[in-house]
Amino acid sequence: MPTASVAPASAGKPVAKKLDLQQIFSWLLADGILAKNDIKGFYTQAQVIYKNAPTGMHPLVAVAQCKLTSISSPSRPLTLDWLTEWLAGKVKLPFFRIDPLKIDFTKVADVMSASYATRFHILPVELTPTELVIATCEPFMNEWEPEIAKISRRTVRRVIANPLDIAQYTTQFFALAKSIKGAKKLNGQDVALRNNFEQLVELGNSKQVDANDQHIINIVDWLWQYAFEQRASDIHLEPKREFCAVRFRIDGVLHQVYQVPPSVMLAMTARIKLLGRMDVIEKRRPQDGRIKTRTNNGQEIELRLSTMPTAFGEKLVMRIFDPDVVVKSLPELGFPPDDAARWDHLTKQPHGIILVTGPTGSGKTTTLYTTLKALATSEVNVCTVEDPIEMVEGSFNQMQVQHGIDLSFADGVRALMRQDPDIIMVGEIRDLETAEMAIQAALTGHLVLSTLHTNDAPSAVMRLLELGVPYYLLESTLIGIMAQRLTRTLCVHCKTPDGEILDDVWTNLVDGWDIPKPAAVYRPVGCPECRQTGYRGRTGLYELLTVTQPFSKLIKAETDIHALKKQSIADDMKPLRLAGALKVVEGVTTVEEVLKVTSAQG
């Protein structure tokens, strides 16, 4: 094992050879990353891993598996990502982190064959009219470069990327591109499908790729698995004039994933509708369905399907529900300890109405399911009426609204009243009839939980009064209201202190509340764990109003919303923006995120 540094490739003419362990450890020693006394033992350990590994292991992977730590300051684990970035610096090539959401695999797969890419451990990652960017993990192997430059008629720029990423995405990209091309060849109708809304009826009558074709099965399976890996909450399949777009919603933000030919999108939609037991032929009216599938690690995932006819074809949205969400505790959802205790107290009352308010996508259903899951013991009968059933849960009895047979929310509650329930969850109060049935259930000794769409908790009272609910019934049945929002949380792997927050910004955030300004706040940076966004996951902001006797007395036929808000704050309700400010103080999120999802208390 040599102990001297070996000059990087840029110091002289590159040698066409594979990177080896000897070269790597020589550089690690020369850079003071590993100690001279330890280098021999580490080199032997890496050799054993490398020799016993399957054929094709990259030496950087063997070094990473030794789980070494740098002796230089700052001391850090020598992970594969760190080693790859360090290697890029040694050979004077840019480091490239492969983000599959930002790569058009159908274009880059046209540059070379899968076998060619595998042979040289390279992967095209970006294609422009003048340049082709190719990721490699073998900086000294570049004999392929002139050939690719000639074939592609572009300037080739090499970058260094993680060897495991190159191997993984070489397999995925080329296999997926092959499936899409294979599916496209089965249908020569692409030109006919690229029509504007005047030809909407013809879209449904065009010859389609078979939804059960193996190519389509592969594409749909990959789409789901990839969405699960990326923590997507929704998958959008959107037909456009010239192409069809696939988008994922991750942490509340939509990301463009890929573009596929219209004929392939038609077949993908048909395949998914078939699995969701929907009418595959009907494309002119919205439909709903659901699918249950498994991830690679065996975890069950539910998908709720919704289609909508658009100007360029049928749009399909799949909402992904993780069953593990309902087993989370209230603190894991973002509840502060005092609000969690108050919520527990409210939901253990024998009767009354509890409302959860907020816009679509604010986590209301998750809060209710988590609460019901905790309440649904063997001693109580928990029943729900929903439109649609979001997640099928075995611990309580769920009924779905069926508008086609005149089974509304009110009819559902009326039926549940004869089922000896203890706790009733009404998916949403949309009209007076449903509100009256919910109140009737509460008056007859049941605990009722439901949702409304209002901006804050006190406004729920005004909304029910506007629907026509008599004030005296609200006064006698309403026991609690909670408004909520979801805000993105800072990635714990890369967030960094950002100094002191400006006085006027903090004043706007706390909105008159006496909350000490933190010495420093955190800002998003971006790393592989968060896909360079700086945020990973979301947490809840909660505004919990407990209906006290003074608050109840303010509920009149001509109720003043400002009086309700003033009394609710006197009763220890913390507004949403204040809840967000406390999350900023804790370093959970940023001021910008809180301001984006909340409004000032009126």
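As the structure is a computational prediction, the values presented were derived from the model and not from experiment.

### Overview of the UniProt feature "domain: Bacterial type II secretion system protein E" (unreviewed entry) in the chain
Line of reasoning, step 1. As annotated in UniProt, the feature "domain: Bacterial type II secretion system protein E" (unreviewed entry) corresponds to residues 417-431 in the numbering used here.
Line of reasoning, step 2. Between the C-alpha atoms that bound residues 417-431 there is a distance of 19 Å. The span itself is 0% helix and 27% strand.

### Description of the pairing of strand S4 (residues 232-239)
Line of reasoning, step 1. Burial runs high along S4: eight of the eight residues are buried.
Line of reasoning, step 2. With seven bridges connecting them, S4 and strand S5 (residues 244-250) associate as antiparallel partners. When the bridges of S5 are listed, Pro-239 appears paired with Cys-244.
Line of reasoning, step 3. Hairpin remark: S4 followed by S5, antiparallel, with four residues in the connecting loop.
Line of reasoning, step 4. In this structure, S4 lies alongside strand S9 (residues 313-321), joined through four bridges in antiparallel fashion. When the sheet's bridge partners are listed, His-236 is paired in S9 with Val-317.

### Focus on the pairing of strand S11 (residues 382-386)
Line of reasoning, step 1. For S11, the tally of buried residues reaches five of five residues, placing the bulk of the element in the interior.
Line of reasoning, step 2. Here S11 shows a buried face lined by Val-382, Thr-384 and Glu-386 and a second buried face lined by Cys-383 and Val-385.
Line of reasoning, step 3. Sheet topology places S11 next to strand S13 (residues 423-426); four bridges connect them, and they run parallel. Paired with Thr-384 across the strands is Met-425, a residue of S13.
Line of reasoning, step 4. Here four bridges tie S11 to strand S12 (residues 397-400), and the two strands are oriented parallel to one another. Within S12, the position partnered with Glu-386 by the bridge is Gln-400.

### Quick notes on the sheet that holds strand S3 (residues 155-160)
The strands that make up a sheet are held in pairs by hydrogen bonds between backbone atoms, and each pair lies either parallel or antiparallel.
Line of reasoning, step 1. If you walk across this open sheet you meet the three strands as S1-S2-S3, and the pairing is mixed. This sheet does not close on itself; its edge strands, each paired only once, are strand S1 (122-127) and S3. Going across the sheet, the axis of each strand differs from the next one's by a mean of 30°, ignoring polarity.
Line of reasoning, step 2. Here six bridges tie strand S2 (residues 131-136) to S3, and the two strands are oriented parallel to one another. From the neighbouring strand, Leu-132 faces S3, where its bridge partner is Val-156.
Line of reasoning, step 3. The sheet contacts of helix H7 (residues 145-152) involve S2 and S3, and relative to S3 the element is tilted by about 130°.

### Some details on the nonpolar core
The nonpolar side chains of a soluble globular protein tend to be buried, and buried together.
Line of reasoning, step 1. Core analysis: the biggest nonpolar cluster contains 65 residues, and Leu-237, Phe-248 and Met-318 have the highest contact counts within it.
Line of reasoning, step 2. It is helix H11 (residues 214-229) that contributes the most residues to this core, nine residues altogether.
Line of reasoning, step 3. Setting aside anything within four residues of it in sequence, one finds Met-318 in contact with Leu-223, Trp-224, Ser-233, Asp-234, Ile-235, Leu-237, Ile-272, Leu-303, Arg-304 and Leu-305.
Line of reasoning, step 4. Ranked by size, the runner-up nonpolar core spans 45 residues in total, among them Leu-452, Met-462, Leu-465 and Ile-481.

Cut-offs applied
- Residues numbered from 1 in each chain as written.
- Predicted model: local features only at pLDDT ≥ 70, side-chain atom pairs only at ≥ 80, totals over all residues.
- Heavy atoms only, no water.
- UniProt positions renumbered as here; feature names shortened; annotations may be inferred.
- Helix = DSSP H or I, 4+ residues; strand = E, 2+ residues; numbered from the N terminus.
- Buried < 20%, exposed > 50% of the residue type's maximum accessible area, 1.4 Å probe, protein only.
- Pairing = 2+ DSSP bridges.
- Axes fitted to C-alpha atoms, helices over the stretch in contact; angles between N-to-C directions.
- Contact = heavy atoms within 4.5 Å.
- Core = buried A, V, L, I, M, F, W, Y, C linked by side-chain atoms within 4.5 Å.

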